[in-house]
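Chain by chain, the residues:
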Amino acid sequence: MHVVIVGGGQAAQQTIASLRQGGFDGRLTLVGDEPVLPYQRPPLSKAYMLGELPAERLPLRPEPWYTERRVDLLLGRRVTAIDRPARRIALDDGGALGYDRLVLATGARPRPLPVPVAAPDAVFDLRSLADVEGIRAGLKPGRRLVIVGGGYIGLEAAAVAHSLGLDVTVLERAERLLARVASPTLSEFYQQQHTRRGVAIRTGAQVTAVEAGADGGLVAPVLASGERLPADMVLTGIGIVPNAELAAEAGLDVAEGIVVDRDARTSDPLIFAAGDCTRRPLVHHGGHGRLESVHNAVEQGKLAAAAILGQPRPGEDCPWFWSEQYDLKLQIAGLAAGHDRMVVRGEPEAARFALFYFAGDRLRAVEAVNSAPEFLAAKKLIPAGARLDADAVADTSVKMRDLAAAALAA
């Protein structure tokens, strides 16, 4: 059997690892459109951008790892089409490659600014290694950086740029930061943390154009009010778009991502998909959705490999995510959608607290800032469907591990 994996990120690497660990002895080929080995993406907006992580530590595995596992690497190559009846993919150099099973781990790309951009050389996305190499060259003390988008990527980049001595402004179209992914309480906390360090936060700020520089700047975002903000560079972080076009053109089911079942199988039983490109069942929360996280990529890589091997489905964890800004480590377990009550445990003023989201007495999600015990407990409680006393959660005199143990025992 020949398994072909399209993609160069966490999901692709995990699929390879799980196939070989599971006893797969057939042929494996990895096709990646970047000319580098699969690498970690979370450090790009954190340690790597800050200069604390060298480039040689970004790859998920060194090249000998792939050699030892007999993986054929086709890097810097792009798949242009999938011929499902012939079980063959076409490559951008005119070549083709047959497969018995195909795994699409094509990831996602930054959502482009939907406005005219007159100075593209000074406007950057933040998704790939090449993106960050371009950004780092301009991160010099005293320069002015405008970040469009107040989500996690934008705020992580703001923290790094401020730490390097730049004058940073964050523009968010919504009325609060993190509006799509976090509660108002967490939004307010992060706005205060950035503001007190000197980052300018402007919410309700709609960018209508990015003009060429004037007034001493190289580039200037223009707001709906007509105000221009002279800057040396602009970084965009307004979300991502799943790379699902290849699947759609091949006739696979696509709806805000490549639609897969619990085994990461697409509407074609010979084709699987994993990672940011997918829309999957949310087994602990109901319904379907896209999960943009390392956890999701790793889990779906394991699920796809098990299904290809005909082995039992691995356990499915609750979704979890993290973000690092300054000395603040945010860890999130679960999905808060559908909650009817929120309980604060700890002290936001001390930057050590957790927000617990309940639907009735069922825990839906926890957002923990510098509070690892609460995060770790939530990762166990949510998949177990454990009942938890919301009032007891607010009492910090009771240790979280004792609360969790009692709930799991019940």
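Structure: above.
*Asks:* Would you mind showing me how to read the overall build of the protein chain here?
*Replies:* Counting secondary structure elements, the protein chain contains 11 helices and 25 strands. Computed over its C-alpha atoms, the radius of gyration of the protein chain comes to 22 Å, within 12% of the 22 Å expected for a compact globule of 410 residues. If one aligns the C-alpha atoms of the protein chain with their principal axes, the spans along those axes are about 60 × 60 × 35 Å. The 410 residues of the protein chain split such that 50% are buried. In the protein chain, of all internal contacts separated by at least 6 residues, the share reaching a separation of at least 24 is 60%.

*Asks:* Looking at this structure, how should I read the layout of surface pockets?
*Replies:* If a probe the size of a water molecule is rolled over the atoms, the empty space left behind becomes visible. Volume-wise, the second largest pocket comes out at about 160 Å³. Taken together, Lys 46, Ala 47, Leu 50, Glu 52, Glu 156, Ala 159, Val 160, Ser 163, Glu 324, Gln 325 and Tyr 326 form the lining of the second largest pocket. Every element with two or more residues in the lining of the second largest pocket is listed here: helix H2 (47-50), helix H5 (152-163) and strand S21 (320-325). No other element matches H5, which puts four residues into the lining of the second largest pocket. For the lining of the second largest pocket, the residue count by class is five nonpolar, two polar and four charged.

*Asks:* How do you make sense of the nonpolar core when you look at a structure like this?
*Replies:* One broad rule of soluble globular proteins: the nonpolar side chains tend to lie buried together. Ranked by size, the top nonpolar core spans 46 residues in total, and within it Val 170, Leu 186 and Tyr 190 carry the most contacts. Looking at this core element by element, the count peaks at six residues for H5. Once residues lying within four places of it in the same chain are set aside, the contact partners of Tyr 190 are Leu 155, Leu 177, Leu 178, Gln 325, Leu 328, Leu 330 and Val 369. Grouped together as the second largest cluster of nonpolar side chains are 25 residues, Ile 5, Leu 19, Ala 297 and Ile 308 included.

*Asks:* Quick question: what am I supposed to make of the sheet that holds strand S25 (residues 362-369) here?
*Replies:* Two strands in a sheet stick together by hydrogen bonds in their backbones, pointing the same way (parallel) or opposite ways (antiparallel). Sheet architecture is open: five strands sit in the order S21-S22-S25-S24-S23, paired in antiparallel fashion. At either end of the open sheet lies a strand with only one pairing partner, and these are S21 and strand S23 (341-347). Ignoring strand direction, the axes of neighbouring strands in this sheet form an average angle of 15 degrees. As paired elements, strand S24 (residues 352-359) and S25 share seven bridges and run antiparallel to each other. In the sheet register, Ala 359 faces S25, and the bridge partner there is Arg 362.

*Asks:* What should I look at first to understand the environment of Ala 307 in this one?
*Replies:* Along the polypeptide, Ala 307 turns up in helix H8 (residues 294-309). A sequence separation of 45 residues divides Ala 307 from Arg 262, and the C-alpha atoms of the two residues are 9.8 Å apart. For Ala 307, the contacting residues outside a window of four places in its chain are Asp 263, Arg 265 and Phe 272.

*Asks:* Just to check I follow, could you spell out the sheet that holds strand S6 (residues 96-98) for this structure?
*Replies:* In spatial order, the strands read S4-S5-S6; together these three strands make up an open sheet with antiparallel pairing. Each edge of the open sheet is held by one strand with a lone partner, namely strand S4 (79-83) and S6. Between one strand axis and the next, the sheet turns by 20 degrees as a mean value, whatever way the strands run. Bridge count for strand S5 (residues 88-91) against S6 is three bridges, and the pairing is antiparallel. Within the sheet, the bridge partner assigned to Ile 89 lies in S6 and is Leu 97.

*Asks:* Please explain unusual backbone geometry as it appears in this structure.
*Replies:* For residues that are not glycine, phi is negative in most cases, and the peptide bond is trans in most cases. Of note, the phi angle at Glu 256 is positive, near 55 degrees, even though the residue is not glycine. As for its placement among the helices and strands, Glu 256 is situated in the loop between helix H7 (245-249) and strand S17 (258-259). Take Glu 256: its relative accessible area is 64%, and that puts it in the exposed class. For Tyr 326, which is not a glycine, the phi torsion comes out positive at approximately 55 degrees. As for its position among the elements, Tyr 326 is in the loop between S21 and strand S22 (328-334). Assessed through its relative accessible area of 24%, Tyr 326 is described here as partly exposed.

*Asks:* Is there a simple way to explain the pairing of strand S14 (residues 219-223) in this structure?
*Replies:* Looking along a regular strand, one sees side chains alternate from face to face of the sheet. Counted residue by residue, S14 has five buried out of five residues, so it is predominantly covered. Going residue by residue along S14, you find Val 219, Pro 221 and Leu 223 tucked away on one face and Ala 220 and Val 222 tucked away on the opposite face as well. Examined bridge by bridge, strand S13 (residues 207-212) and S14 share five bridges and lie antiparallel to one another. Across the sheet, the residue bridging to Ala 212 is Val 219, located in S14.

*Asks:* How should I be thinking about empty space enclosed by the protein in this particular structure?
*Replies:* All told, the structure shown has one cavity of 30 Å³ or more when counted by the stated rule. Of the voids in this model, the largest cavity is the one considered here, and its volume is about 60 Å³. Lining the largest cavity, in full, are Arg 280, Pro 281, Leu 282, Val 283, His 284, His 285, Leu 291, His 295, Glu 299, Asp 317 and Pro 319. Among the elements of the structure, strand S19 (278-281) and H8 are those that each provide at least two residues to the lining of the largest cavity. Split into classes, the residues belonging to the lining of the largest cavity amount to five nonpolar, three polar and three charged.

*Asks:* For this particular structure, what's the right way to read helix H11 (residues 400-409)?
*Replies:* A turn of α-helix holds 3.6 residues, and therefore any two residues three or four places apart point the same way. Buried residues of H11: Met 400, Leu 403, Ala 404 and Ala 407, and no others. Along H11, the residues classed as buried sweep out an arc of 95 degrees about the axis, all on the same side. Seen from the open side of H11, the exposed residues pointing more than 90 degrees away from its buried face are Arg 401 and Ala 409. Where the residues of H11 are buried, they touch S23, S24, helix H9 (372-384) and helix H10 (390-393).

Conventions used here
- Residues numbered from 1 in each chain as written.
- Predicted model: local features only at pLDDT ≥ 70, side-chain atom pairs only at ≥ 80, totals over all residues.
- Heavy atoms only, no water.
- Helix = DSSP H or I, 4+ residues; strand = E, 2+ residues; numbered from the N terminus.
- Rg over C-alpha atoms; globule rule 2.2 N^0.38 Å.
- Buried < 20%, exposed > 50% of the residue type's maximum accessible area, 1.4 Å probe, protein only.
- Contact = heavy atoms within 4.5 Å.
- 1 Å grid on protein atoms, 1.4 Å probe; cavity = no way out; pocket = protein on both sides within 12 Å on 5 of 7 lines; lining within 4 Å.
- Points joined across faces, edges and corners; volume = space filled by probe spheres on them.
- Nonpolar A, V, L, I, M, F, W, Y, C, P; charged D, E, K, R; others polar.
- Core = buried A, V, L, I, M, F, W, Y, C linked by side-chain atoms within 4.5 Å.
- Pairing = 2+ DSSP bridges.
- Axes fitted to C-alpha atoms, helices over the stretch in contact; angles between N-to-C directions.
- Arc of directions from axis to C-beta.

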